[in-house]
Amino acid sequence: MQKLQAMLIAMDGKDLLLVSGNGEVIAPDEDVLAIGSGGNFAQAAAVALIRHTEMDASAIAKEAVGIASGIDIFTNEHIKVSEL
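Calculation rules
Residues numbered from 1 in each chain as written. Predicted model: local features only at pLDDT ≥ 70, side-chain atom pairs only at ≥ 80, totals over all residues. Heavy atoms only, no water. Helix = DSSP H or I, 4+ residues; strand = E, 2+ residues; numbered from the N terminus. Expected span 1.5 Å × (residues − 1). Buried < 20%, exposed > 50% of the residue type's maximum accessible area, 1.4 Å probe, protein only. Contact = heavy atoms within 4.5 Å. 1 Å grid on protein atoms, 1.4 Å probe; cavity = no way out; pocket = protein on both sides within 12 Å on 5 of 7 lines; lining within 4 Å. Points joined across faces, edges and corners; volume = space filled by probe spheres on them. Salt bridge = Lys/Arg side-chain N within 4 Å of Asp/Glu carboxyl O. Pairing = 2+ DSSP bridges.

(A) Representation of helix H1 (residues 39-52). Along its 14 residues, H1 runs 20 Å from first to last C-alpha, staying within 8% of the 20 Å computed at 1.5 Å per residue. All buried positions along H1 are accounted for by Gly39, Ala42, Ala45, Ala46, Val47 and Leu49. Buried residues along H1 sit against helix H2 (57-71).

Here's what the structure looks like:
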């Protein structure tokens with residue numbers, strides 16, 4: 001039986017980190033992280049948007065997941081962005 005590994009994205013105003021299911025703490029090469037079934041697609045879209053637009057972080061996140069949902073059938077296209 002395969003054990004599922006949870007992942008967590010943690011950030012504040014200065015740092016962005018990925019915490020793996022094994023407890024590894026990983027800093028991204030770009031200022032973008034994504035997890036989930038469409039995470040690789042969303043991350044690629046977000047990197048492109050950061051490099052080529054003036055969109056704010058919330059708009060980039062929403063658009064990137066929207067792009068991922070068009071590629072990955074397991075990524076939901078009903079997107080809600082919450083900011084704290």
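(B) How the structure looks around H2. The end-to-end C-alpha distance of H2, which contains 15 residues, comes to 21 Å, matching closely the 21 Å that a straight helix rising 1.5 Å per residue would cover. Of all the residues in H2, the buried ones are Ser58, Ile60, Ala64, Ala68 and Ser69.

(C) Looking closely at the layout of surface pockets. Empty space within the largest pocket amounts to approximately 920 Å³. Taken together, 33 residues make up the lining of the largest pocket; nearest its centre are Ile9, Met11, Leu33, Ala57 and Ala61. Of all elements in the fold, only strand E1 (8-11), H1 and H2 reach the threshold of two or more residues within the lining of the largest pocket. The leading source of residues in the lining of the largest pocket is H2, at 8 residues.

(D) Summary view of the environment of Gly70. Relative to the helices and strands, Gly70 resides in helix H2. Here Gly70 falls in the exposed class, since its relative accessible area comes to 68%. Taking C-alpha positions, Gly70 is 23 Å from Ile9, a pair spaced 61 residues apart along the chain.

(E) Here's a closer look at the pattern of salt bridges. Enumeration according to the criterion identifies 2 salt bridges in this entry. A salt bridge links Asp15 to Lys14; the nearest nitrogen and oxygen atoms lie 3.8 Å apart. The class of Asp15 is partly exposed, set by a relative accessible area of 36%. Here Lys14 falls in the exposed class, since its relative accessible area comes to 70%. Across the salt bridge formed by Glu30 and Arg51, the nearest N and O atoms sit 2.4 Å from each other.

(F) Molecular detail of the sheet that holds E1. Across the sheet, which stays open at both edges, the 3 strands sit in the order E1-E2-E3 with antiparallel pairing between neighbours. Each edge of the sheet is formed by a strand with only one pairing partner; in this case those strands are E1 and strand E3 (25-26). Bridging between strand E2 (residues 16-19) and E3 involves 2 bridges; their strand directions are antiparallel. Within the sheet, the bridge partner assigned to Val19 lies in E3 and is Val25.

Scope: geometric values only; no functional claims are made or implied.
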